[in-house]
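Here is what each chain is made of, one letter per residue.
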Amino acid sequence: MAVSISIKNLSKSFGATRALDRVSLEIAPGELFFLLGPSGCGKTTLLRHIAGFYRPDEGRILIGGDDVTDTPPHRRDTGMVFQSYALWPHMTLAQNVAFGLEMRRVPAAEIKRRVHEALDTVKMAARADSKPNQLSGGQQQRIALARALVVQPRCLLLDEPLSNLDAKLRLEMRIEIRRICKQAGLTAVYVTHDQKEALSIADRLAIMRDGVLEQIGTPLEVYRQPRNAFVASFIGETNFLPPGFFGAAYDPGQATKLSVRPEAVHLGTPPAGPEFLRLDGEIHGTVYLGETAQHQMDAAGADGARTTLTVFELNPEILARDEARPATAWIHARDVVALPQ
């Protein structure tokens, strides 16, 4: 049965460094929840508190309504998947997966059944008698997942599990991890610094900075409605514009800057209507990426300020990398996010 996870005013310092600063968070049963942020933001520290590897200076941790703040890791019934696969090289895959059950003195017949089920879940049952060195990185990570799942944990904790894989395998394993978690009905907390990874499979995510939660929401909410400039720039790319760039459309007293995603800037003459905001300027640099071209466009705002915007063009048919040329573009007003102080 999936369980909730409650973090209540959690704080932790390492010497003079405040790693977590009164963090509070509610994760729903069965939710795939991501902790995201730059190095040193506190995301791994928070995950290790949930696992029981660290004890907080202040605050409480509840799993399934049970206060586990002072409970040692092996009594929390959590499954942990690390960056490194940490498989025993001399054991078969089945023996690696069975290890945790043997330590719990589970009967042999049940171990056999549960190991087969776990390997089948990660699509590795046919390789049960192989050794880890016979597997690819993605296959080894599947076995690490099976080993965490086989003990039937109350929740699954994943610490950057795909960072050692190449780009193609990471893409494949993103889909598999979501499938496995949903199929098992697990509550999962997943730490990563990879924005695409989080956006592609999270139910909800939290952006952290300096031990503080900057924003919590669904991938769509966080990407399209960032709460501040840090979140806007950390999740994807964005253009920051002065608050008066589009004239009276935004009150400079209410916003310190405007955020517009590069894919929200469309080259060409705008459709009719006040909601379509026109830009006139000059493209002076293009990077061709195959499916897209990334242009640098210099444009003047209604306030007279000149700004260089990054513009993404999907499926470009004409490539002029180095020559400057006049350009007209437009932005729909709904794609302009006013960021507060």
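Preceding this section is the structure that the text describes.
Not measured: the values here are computed from a predicted model.

Remarks on the overall build of the chain
Right, on to step 1. Of regular secondary structure, the chain possesses eight helices and 18 strands.
Right, on to step 2. Each of the 341 residues in the chain was classed as buried or not, and the buried ones make up 49%.
Right, on to step 3. Sequence separation of at least 24 residues holds for 66% of the intrachain contacts in the chain that already meet a minimum separation of 6.
Right, on to step 4. Split by element, the accessible area of the chain, about 16,300 Å² in all, is 51% carbon and sulfur.

Let's talk about the sheet that holds strand β4 (residues 58-63)
Right, on to step 1. Pairing within the open sheet is antiparallel, and its four strands lie in the order β2-β1-β4-β5. The two strands at the open ends of the sheet, each matched to only one other strand, are β2 (17-27) and β5 (66-67).

Overview of the pairing of strand β12 (residues 257-260)
Right, on to step 1. Summarising the sheet, strand β11 (residues 239-241) and β12 pair through three bridges and their orientation is antiparallel. Note that in β12 the partner of F240 across the bridge is S259.
Right, on to step 2. The sheet contact formed by β12 and strand β18 (residues 336-339) spans four bridges and is antiparallel. Within the sheet, the bridge partner assigned to V260 lies in β18 and is V336.

A word on the nonpolar core
Right, on to step 1. Counting residues in hydrophobic clusters, the biggest one holds 49 residues, and the most contacted among them are V115, L119, L145, L156 and I207.
Right, on to step 2. The element that contributes the greatest number of residues to this core is helix α4 (residues 137-149), accounting for six residues.
Right, on to step 3. Setting aside residues no more than four positions away along its own chain, L156 makes contact with G79, V81, L145, A148, L149, C181, L186, T187, A188 and V189.

Overview of the side chain of E176
Right, on to step 1. Tracing the sequence through the fold places E176 in helix α5 (residues 167-184).
Right, on to step 2. In terms of polar contacts, E176 uses its side chain to reach the side chain of R142, at 2.9 Å.
Right, on to step 3. Every residue in contact with E176, bar those within four places of it in the chain, is listed here: K123 and R142.

Observations regarding the packing of aromatic side chains
The description of an aromatic ring pair uses the distance of the two centres, along with the angle that the planes make with each other.
Right, on to step 1. Evaluated as defined, the whole model comprises six aromatic pairs.
Right, on to step 2. Ring geometry for F14 versus Y54: centroids 5.4 Å apart, planes at 65°, classification edge-to-face. In this pair, F14 is assigned in strand β1 (residues 5-14) and Y54 in the loop between α1 (43-51) and β4, connecting sequence segments 40 residues apart.
Right, on to step 3. Taking relative accessible area as the criterion, F14 reaches 37% and is therefore assigned partly exposed.
Right, on to step 4. Against the face of F240 rests K257, its NZ or CZ located 4.8 Å from the ring centre.

Things to note about unusual backbone geometry
Right, on to step 1. One non-glycine residue, Q152, lies in the positive phi region at around 55°.
Right, on to step 2. Note that Q152 resides in the loop between α4 and β7 (155-159).
Right, on to step 3. Positive phi, close to 45°, is recorded for E160, a residue that is not glycine.
Right, on to step 4. Residue E160 is classed as buried on the basis of its relative accessible area of 12%.

Description of the side chain of T307
Right, on to step 1. Along the chain, T307 falls in strand β16 (residues 306-314).
Right, on to step 2. Since its relative accessible area comes to 12%, T307 is described here as buried.

Considerations on α1
Right, on to step 1. Of all the nine residues making up α1, seven are buried; the element is thus mostly covered by neighbouring parts of the structure.
Right, on to step 2. Inspection of α1 places K43, T45, L46, L47, H49, I50 and A51 among the buried residues, and these make up the whole buried set.
Right, on to step 3. Looking one or two residues beyond α1, the residue adopting positive phi is G52, at roughly 100°.

Analysis parameters
- Residues numbered from 1 in each chain as written.
- Predicted model: local features only at pLDDT ≥ 70, side-chain atom pairs only at ≥ 80, totals over all residues.
- Heavy atoms only, no water.
- Helix = DSSP H or I, 4+ residues; strand = E, 2+ residues; numbered from the N terminus.
- Buried < 20%, exposed > 50% of the residue type's maximum accessible area, 1.4 Å probe, protein only.
- Contact = heavy atoms within 4.5 Å.
- Areas by Shrake-Rupley, 256 points an atom, 1.4 Å probe, with all protein chains shown as cover.
- Pairing = 2+ DSSP bridges.
- Core = buried A, V, L, I, M, F, W, Y, C linked by side-chain atoms within 4.5 Å.
- Polar contact = N/O pair within 3.5 Å; in protein donor to acceptor, adjacent residues only side chain to side chain.
- Phe/Tyr/Trp six-rings, centres within 6.5 Å; stacked < 30°, edge-to-face > 60°.
- Lys NZ or Arg CZ within 6 Å of the ring centre and 35° of its normal.

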